[in-house]
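# Residue-level structural notes
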Amino acid sequence: MSNKPIFVATHPRACSTAFERVFMTCRDTLQCIHEPFGDAFYYGPERLSSRYENDEKGRIDSGFTESTFKTILDRIEREGDEGKRLFIKDIIHYLFPPNGAPPSIAPSLERKERGVGTSSRAHPDRVSNGIINGNTNGTTNGATHGAPYPYATDAEPGNPTVIPSEILDQFHFTFLIRHPRSSIPSYYRCTVPPLDKLTGFYNFMASEAGYDELRRMFDYLCSIGQVGPGIATQSINGAETNGHATTNEHTTANGIAITNGTATTSKIDICVVDADDLLDNPKGIIEAYCNSVGIPYSPKMLNWDSEEDQQQAKDAFKKWPGFHEDAMNSCALKPRMHKKPRTREEEDSEWREKFGEKGARTIRETVDANVEDYEYLKQFALKV
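Residues numbered from 1 in each chain as written. Predicted model: local features only at pLDDT ≥ 70, side-chain atom pairs only at ≥ 80, totals over all residues. Heavy atoms only, no water.

### Quick notes on helix 4 (residues 69–80)
Its 12 residues give helix 4 an end-to-end C-alpha distance of 17 Å, which sits within 8% of 16 Å, the value for a rise of 1.5 Å per residue. The element helix 4 is largely enclosed, with a buried count of nine among its 12 residues. Where helix 4 is concerned, the buried positions are Phe69, Lys70, Ile72, Leu73, Asp74, Ile76, Glu77, Glu79 and Gly80. (Helix = DSSP H or I, 4+ residues; strand = E, 2+ residues; numbered from the N terminus. Expected span 1.5 Å × (residues − 1). Buried < 20%, exposed > 50% of the residue type's maximum accessible area, 1.4 Å probe, protein only.)

So, in structure tokens, the structure goes:
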């Protein structure tokens, strides 16, 4: 069983903070790190997003103008030194150039070899506890190449991110998804009045939906054998399958054969959580997830009503105001009450009422653009 730092890769508004709160209850064994890479993605000298490009004051006020991908990895390294297993939840498109732009390695993670001028990736001997360490021989914090993207650095063949594969390999990746009909209007709401004054996100950017990047990350990790080909699942047709291969197969977009069960060439099976399944059956999904990643499950994980629990959440989530209030003010994860499924026309009508004709049209276009990627990932989701 892998004991690598767990990295929950997700997209915005996937109920991921409620999911994270479950594991924040395991303070004795897990060190949770909440969405660290957004600091570099939005605000630092290696920023990939254009959201704050013309808002220098917003970048300065964030307190993260000096954050690079290396400083974030260094911070994660330090937190890993406490002896607990790391549990990182983050928006995976923070590691990608937006709008499908071709990637290259972040300048702070680039290294010049002995002054020859040929660049190289971070080497395994510079990695400990899953995080790069050491100096970058003059190419630190992106100062050599400036910002924002594109960087004047080399790409790593096949790697769709700005993080070297040697570093990605140090993490135990899992995935969390939610149907875009739920996530997109929730995200849109955070970018328009009155909530935008709290979030600081004053316009909706469809490029931040995150499904395309999540799917590409999934396929890349499968293609290099870092996860899979087994699929983590509690049961299929009533039969326990962890540790056993079945004949229920899927194929990734790269043609990688995926088999339910965990008889794999990788020590890490594919673990995809669908937020709707999580909300319908918290106990079953969390127990199956724990079984996959090697965390002891306890029903106590589904409750966080102590003063210490609430203070921990406030401290962790304060840097993203307006996005996490529901999860921050919650005290447990319980099965939701079922609602009658809505038709497409009913959804459009609700969105028009809340956001106007233009807003509803933008939401519908963005939902429709991401359904295919969601459904692709959904076929690998935990079944309990």
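### Looking at the environment of tyrosine 376
For tyrosine 376, the position within the fold is in helix 13 (residues 344–378). In this structure, the C-alpha to C-alpha distance between tyrosine 376 and arginine 215, residues 161 residues apart in sequence, is 7.9 Å.

### Topic: the sheet that holds strand 2 (residues 30–34)
Here we have five strands laid out as an open sheet, ordered 2-3-1-8-14, and parallel in their pairing. Each edge of the open sheet is held by one strand with a lone partner, namely strand 2 and strand 14 (272–274). Pairs of neighbouring strands in the sheet enclose a mean axial angle of 20°, with direction left out of account. Relative to strand 14, strand 8 (residues 172–177) is paired through three bridges, and the arrangement is parallel. Paired with leucine 176 across the strands is valine 273, a residue of strand 14. Contacts from helix 1 (residues 16–24) reach strand 1 (6–10), strand 2, strand 3 (85–91), strand 8 and strand 14, with the element oriented near 155° to strand 2. (Pairing = 2+ DSSP bridges. Axes fitted to C-alpha atoms, helices over the stretch in contact; angles between N-to-C directions. Contact = heavy atoms within 4.5 Å.)

### Quick notes on the state of the cysteines
Summed over all chains, the structure comprises zero disulfides. As a non-bridged cysteine, cysteine 290 has cysteine 26 as the owner of its nearest cysteine sulfur, 6.8 Å distant. (Disulfide = S-S within 2.5 Å.)

### Concerning the nonpolar core
One finds Phe37, Tyr42, Phe69, Ile92, Phe173 and Phe218 to be the most contacted residues of the largest nonpolar core, which totals 68 residues. Residues Cys26, Cys32, Val273 and Ala288 belong to the second largest nonpolar core, which totals 33 residues. (Core = buried A, V, L, I, M, F, W, Y, C linked by side-chain atoms within 4.5 Å.)

### Re the pattern of salt bridges
Between side chains of opposite charge, a pair can form as their charged atoms come close. Using the criterion set out here, one finds 23 salt bridges in the structure. Glutamate 308 serves as the salt-bridge partner of arginine 27, at 3.4 Å between the closest nitrogen and oxygen. Highlighted residues: arginine 27 in the loop between helix 1 and strand 2 and glutamate 308 in helix 11 (residues 307–317), separated in sequence by 281 residues. In this structure, the salt-bridge partner of glutamate 350 is lysine 354, at a minimum N-O distance of 3.1 Å. Within this pair, glutamate 350 and its partner lysine 354 are both found in helix 13, separated by four residues, close to a single helical turn. (Salt bridge = Lys/Arg side-chain N within 4 Å of Asp/Glu carboxyl O.)

Spatial relationships are all this shows, so hold off on functional conclusions.
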